[in-house]
Amino acid sequence: MKILLTGGAGYIGSHTAIELIQSGHNVVIMDDLSNSSAEVIRRIEDITKTTIPFVKADVRDKAALEEVFANQQIDAVIHFAGFKAVGESVAKPLEYYDNNLVSSLVLLETMQKHHVNKIVFSSSATVYGNPESLPLTEESPTGQGITNPYGQTKFMIEQILQDAAVANPELEVSILRYFNPIGAHPTALIGEVPNGAPANLIPYLTQTAIGIREQLAVFGDDYNTPDGSPIRDYIDIVDLARAHVEAVRRLVERQATEPLEVFNLGTGRGVSVLELIRTFEEATGVRVPYQIVGRREGDIEQVWADPARANRVLGWTARTPLSETLRNAWKWQQRQG
Ligand code: NAD
Ligand code: UD1
């Protein structure tokens, strides 16, 4: 099968490209490199010993997308492309709505024109807002209490996909709601590259461990959790990538029972910030200086997935122990310097 990966040079797309190729698929990557670099494509080629057709273009560029579909026999698309920084989305809402929504619309229109009817979409647990009860299942309410434009774009694109699937009976959609993806490829050749000072926990933690940052600020220890720090469901990046292979397989093998299916991708286990720091220290033997500071605005107390549907329907489970994921994140940081 030939799979188009929009945003395939990014963190999740690059790991997914490797898993797809290693499962026998061909991939085509389209990425405007607004948050990645062509070096990533070379690294994927190194790891997989293949040559990857790469198109440097914005998905909103209709002519460029048209050319890809006209020249390549695309069987399915995984749509990773989009802006993802929560804080930046508050400062630049129009850019976020434009990039994330328009790229999705142009992609869906072009797919329809070329009779490509299978799409996997990168959504986020952020669509659940502040959970009413845990763990979160795919039936938990969405769209309430989303605190930023980035999260709104994910919710809106899910709606667009639902409406498009109703209107076009040929369209088959798989929405993947990622919890907190972390870690790096075990080769340490690809991983997460934060843009400036990291806003997310793991890159900040590894940059502190290596000495780029003086100390990690732990945003609050007064939550209603066992140790007072907030709880998340941290999912290994390669485990996450493998789930995409299963989602594509299900669409291509026409196993989907609904035109649109939704899957939570998480481990099902909540881990607190303090527990995560301890696990990192034990796994790597490296100390992480940290200080408890006030809560971060917009943060949720605790969230974790019920991944039972993905386990059962996709035949997928998160299997990498957290300590191994954190060792991979550390190896990647050491390689970066
Ligand atoms: P990333 O920024 O590393 O990758 C996104 C890629 O898309 C980048 O390579 C960027 O250059 C490219 N891109 C952005 N806009 C584009 C456009 N208009 N045309 C072409 N390329 C474009 O982000 P990621 O962490 O790999 O995330 C991938 C997807 O998963 C995103 O949609 C993101 O919102 C979603 N997601 C990520 C997380 C996470 O924690 N990383 C969590 C939930 C959902
Ligand atoms: C955030 C976004 C989510 C996005 C994800 C990955 C919100 C509400 N959610 O999730 O949409 O998909 O990033 O990009 O913004 N922490 C610290 N110190 C730090 C950094 C983080 O203590 O320096 C804590 C946070 O309080 C949180 C946990 O670490 O409890 C994880 O934070 P982070 O990695 O930013 O992810 P989320 O906030 O869960």
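Just above, that's the structure.
(A) Broad picture of the site of ligand 2. Lining the immediate environment of ligand 2, one finds 19 residues, of which Leu201, Ala217, Arg232, Arg296 and Asp299 sit closest. Asp299 is positioned with one of its side-chain polar atoms (N or O) 2.5 Å from an oxygen atom of ligand 2. Taken by itself ligand 2 offers 740 Å² of open surface, and the protein chains cover 88% of this. In terms of residue count, strand S8 (residues 216–219) provides more of the shell around ligand 2 than any other element does, four residues in total. Here the residues of the shell around ligand 2 are counted per class, giving 11 nonpolar, five polar and three charged.

(B) Local environment of the site of ligand 1. Lining the immediate surroundings of ligand 1 are 26 residues, of which Asp31, Asn35, Ser36, Asn99 and Tyr150 lie closest. Separating an oxygen atom of ligand 1 from a side-chain N or O atom of Asp31 is a distance of 2.6 Å. Val59 places a polar main-chain atom, nitrogen or oxygen, 2.9 Å from a nitrogen atom of ligand 1. Coverage of ligand 1 by the protein amounts to 95% of the 820 Å² it exposes when considered alone. When residues in the shell around ligand 1 are grouped by element, the largest group, three residues, is from strand S5 (residues 118–124). Residues of the shell around ligand 1, tallied by class, amount to 11 nonpolar, 10 polar and five charged.

(C) How the structure looks around the nonpolar core. Leu5, Ile44, Ile78 and Leu265 are the most contacted members of the largest nonpolar core, which totals 40 residues. At eight residues, helix H8 (residues 237–252) tops the list of elements feeding residues into this core. Once you skip the residues sitting within four places of it in the chain, Ile78 turns out to touch Ile3, Leu4, Leu5, Thr6, Thr16, Leu20, Val120, His244 and Val248. By size, the runner-up hydrophobic cluster in this structure holds 28 residues, among which are Val68, Phe69, Ala81 and Leu108.

Rules behind the numbers
Residues numbered from 1 in each chain as written. Chains lettered and ligands numbered in written order. Predicted model: local features only at pLDDT ≥ 70, side-chain atom pairs only at ≥ 80, totals over all residues. Heavy atoms only, no water. Near = heavy atom within 4 Å. Polar contact = N/O pair within 3.5 Å; in protein donor to acceptor, adjacent residues only side chain to side chain. Areas by Shrake-Rupley, 256 points an atom, 1.4 Å probe, with all protein chains shown as cover. Helix = DSSP H or I, 4+ residues; strand = E, 2+ residues; numbered from the N terminus. Nonpolar A, V, L, I, M, F, W, Y, C, P; charged D, E, K, R; others polar. Core = buried A, V, L, I, M, F, W, Y, C linked by side-chain atoms within 4.5 Å. Buried < 20%, exposed > 50% of the residue type's maximum accessible area, 1.4 Å probe, protein only. Contact = heavy atoms within 4.5 Å.

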